Amino acid sequence: MQHTIRIAIPPRITLHSLLIGPGWRFNVLWAAAGIGLFVLIWTAIALRLGNPVLLPTPAVVLDGFHRLLADGYLIEDVLASLKRVFVGFLIASVIGVPLAMLLAYFAPLRRLVLPIVTLLRPIPPIAWIPIAILWFGIGDKPSFFITAIAAFFPIFLNSFFGGTSVEEQHLNAARCLGAKKTALVVRIMFPSALPMIWTGLKIGLGQSWMAVVTAELIAAQSGLGYMIQVSRLNLETSYVLVGMVTIGVLGSLMAAGLASIERYVLPWKQK
Amino acid sequence: MLSQRHMSNSVAAARQGAIRIENLSVEFRRNGNATVAVRDIDIEIAPGEFIALLGPSGCGKSTLLNVIGGMLRATRGEVRIDGGVVKEPSAICGVVFQQHSLFPWMTALDNVAFGPRMLGHASPNSVARELLALVGLEKFASAYPAQLSGGMQQRVGIARALATRPPVLLMDEPFGALDAQTRSIMQEELLKIWWEFKTTVVFVTHDVDEAVYLSDRVLVMSNSPGGIKENIRVDLGRPRAPDVTLGEEYAGLHRRIRRLIRQESLKVFNGIAS
């Protein structure tokens, strides 16, 4: 296809683009240097403080990491948290995206439901925890509820704005080709909103991951949040930090995972 | 090339593409004030006729086209296609827009197959392949619109509009965004395709050359409010080669229409200046 015109898409600087795109070797070196510098400063402060309960050195944390990994506790907690994130995220997506499409298409429904969403949105996931415990007790269920709440709003709102910004001309073109209501929503509005929906899903997964830790601090007896909470009570600060680092690393991996499948979700957006 | 089977199918259909516009007016309301976009329009278009709607910008020619396609509601009067009143957009009218109307998330093939798929055609992809071949883009079936040039996008747009075999094809300045060379090639291609399909065409343009070269009849529109100022028959023979633009007849028609358009443009120009 020598006639193909390449369109310029402004580059977005993300960790993913730095590590995958051209010059990635160079960027990986910089990333390693940055993390190395961080670890060095951390070590210096920890040694100067000389109190492992307040701040253990990275070496001690690494040691704790090995021990928890060998015990199998860490894996158990990670799996418990991941399960809660994915179930909540899935619930939020399954409700949020179709609801957003319906409201984007049917104006009367929008007037009815949008005020409710606007009122509920400012309530942070953590404020739902007492209600979640009352309704669902302690364990997986309240955590599903909290992660779903956290993921729902970014997913719903991005999808909704994606849906309402569908081009009138595309809807008219589709009608003139024989498309009826359902086809207009499913085949025109949904794909034209998909870039925004995808953004919502990325943000939603991040929010959900942050919320699971919050939920587990209070409403669960397993998972990374619970592990951090118990370790704090036992003054095992190195385990607290193991939990925190694990949360950071897994969150980044999830974001990178989504970024790496983007080209299959939005093939027409690729260069 | 299109198979004989498809051609005979379209002939067998009862729809012919006769358009009858009666006493049509469109008003827009803004801040309580009504602006009349087009007023008291009566037009009759025979099946298979190629009509150019010509006028300066702002004369309501696109408004009129949108009403014919059911995309806009008339304030008074009605449009009938083969006797049926047009109430909403449907597959009776194929529409080619000025630009950016292809679905960017679909490949060229899927764009063209969309109509046949919606209408429950047995093999939408094979219909789409035939039409892409007709506009010379069979090699670009799997390209996304953003990967095609403006001219190619419009060819896909034409193929998509024709894929449902509409009795009426509405074209809203379809070549307006193209460079002069591409545009004249596209005009020739359009005439060839139309000759094969014999569908009724309403073609909106502000380009006098384009209107005269393509159409059987030029409807010159007057400005504010929009109406039909003159109805000019173009007897330049069919099928038409680009050479007709060199003849005396063409020059005469061109001069006459240009004068009419100039009067209308001046009306607006002076109206704004005063």
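Keep in mind it's a predicted model, so treat the numbers as computed, not measured. (Residues numbered from 1 in each chain as written. Chains lettered and ligands numbered in written order. Predicted model: local features only at pLDDT ≥ 70, side-chain atom pairs only at ≥ 80, totals over all residues.)

A. Molecular detail of the packing of helix H4 (residues 73-105) of chain A against helix H7 (residues 140-164) of chain A. Residue and element names in this part refer to chain A. At a closest axis distance of 6 Å, the pairing of H4 and H7 adopts a crossing angle of 30°. In this view, H4 runs roughly parallel relative to H7, as classed from their interaxial angle. Regarding H4 and H7, the two cross each other, and that crossing is right-handed. Tallied by class, the residues present in the contact of H4 with H7 amount to 20 nonpolar, eight polar and two charged. (Axes fitted to C-alpha atoms, helices over the stretch in contact; angles between N-to-C directions. Helix = DSSP H or I, 4+ residues; strand = E, 2+ residues; numbered from the N terminus. Parallel < 35°, antiparallel > 145°, perpendicular 65-115°, else oblique. Left-handed = near helix turned anticlockwise from the far one by under 90°. Nonpolar A, V, L, I, M, F, W, Y, C, P; charged D, E, K, R; others polar.)

B. Representation of the sheet that holds strand S10 (residues 227-233) of chain B within the structure. Residues and elements named next belong to chain B. The mixed open sheet is built from six strands, whose spatial order is S6-S7-S8-S3-S9-S10. Taken across any chain shown, the strands that pair with only one partner, and hence form the sheet edges, are strand S6 (93-96) and S10. Across this sheet, the average inter-strand angle for adjacent strands is 20°, counted without regard to direction. The pairing of strand S9 (residues 217-222) with S10 spans six bridges and is classified as antiparallel. Bridge pairing links Leu-219 to Asn-231 in S10. (Pairing = 2+ DSSP bridges.)

C. Layout of the sheet that holds strand S5 (residues 84-85) of chain B. Residues and elements named next belong to chain B. Spatially, the four strands line up as an open sheet ordered S2-S1-S4-S5, and their pairing is antiparallel. A strand with exactly one partner marks an edge of an open sheet, and here the two such strands are strand S2 (33-45) and S5. Direction of pairing for strand S1 (residues 19-30) relative to strand S4 (residues 76-81): antiparallel, over a ladder of five bridges. By the bridge assignment for S4, Ile-19 is matched with Ile-81.

D. Geometry of the domain arrangement of chain B. Residues and elements named next belong to chain B. Along its sequence, chain B is organised into domain 1 (4-92 + 171-273) and domain 2 (104-165). Counting residues at the interface gives 12 residues for domain 1, matched by 12 residues for domain 2. Among the elements that line the side of domain 1 that touches domain 2, the one with the most residues is helix H6 (residues 180-197), at six residues. Per-class residue counts for the side of domain 1 that touches domain 2 are nine nonpolar, two polar and one charged. (Domains from an automatic or database assignment. Contact = placed C-beta atoms within 7 Å.)

E. Broad picture of the pairing of S4 of chain B. By the bridge criterion, two bridges tie S4 of chain B to S5 of chain B in an arrangement that is antiparallel. Bridge assignment links Ile-81 of chain B to a residue of S5 of chain B, and that residue is Gly-84 of chain B.

F. Highlighting the interface of chain A and chain B. In this complex, chain A contributes 19 residues to the contact, which on the side of chain B involves 23 residues. Going through the elements one at a time, helix H8 (168-176) and helix H9 (181-219) of chain A are the ones with two or more residues in the side of chain A that touches chain B. No other element matches the six residues that H8 of chain A contributes to the side of chain A that touches chain B. Each residue belonging to the side of chain A that touches chain B can be placed in one class, and the counts come to 11 nonpolar, seven polar and one charged.

G. Seen up close, H8 of chain A. Within the sequence span of H8 of chain A, burial applies to His-170, Ala-173, Ala-174, Arg-175 and Cys-176 of chain A. Where H8 of chain A is buried, its residues touch H9 of chain A together with S6 of chain B. (Buried ≥ 20, exposed ≤ 12 C-beta atoms within 10 Å, placed from the backbone.)

H. Quick peek at unusual backbone geometry. All names here are of chain B. In this structure, Pro-239 follows Arg-238 across a cis peptide bond, with omega equal to -15°. By the secondary structure assignment, Pro-239 is in the loop between S10 and helix H8 (248-273). The backbone of Asn-31 sits at a positive phi, close to 50°, despite the residue not being glycine. By the element assignment, Asn-31 lies in the loop between S1 and S2.

I. Inspection of the nonpolar core at higher detail. Leu-53, Leu-54, Ile-68, Val-112, Leu-131, Ala-159 and Phe-203 of chain B are the most contacted members of the largest nonpolar core, which has 134 residues in total. For this core, the element with the most residues is H9 of chain A, which contributes 14 residues. The two domains that each donate at least three residues to this core are domain 1 (4-92 + 171-273) and domain 2 (104-165) of chain B. Not counting residues within four places of it along the chain, the set of residues in contact with Val-112 of chain B comprises Ala-128, Leu-131, Leu-132, Val-156, Ala-159, Arg-160 and Ala-163 of chain B. (Core = buried A, V, L, I, M, F, W, Y, C linked by C-beta atoms within 7 Å.)

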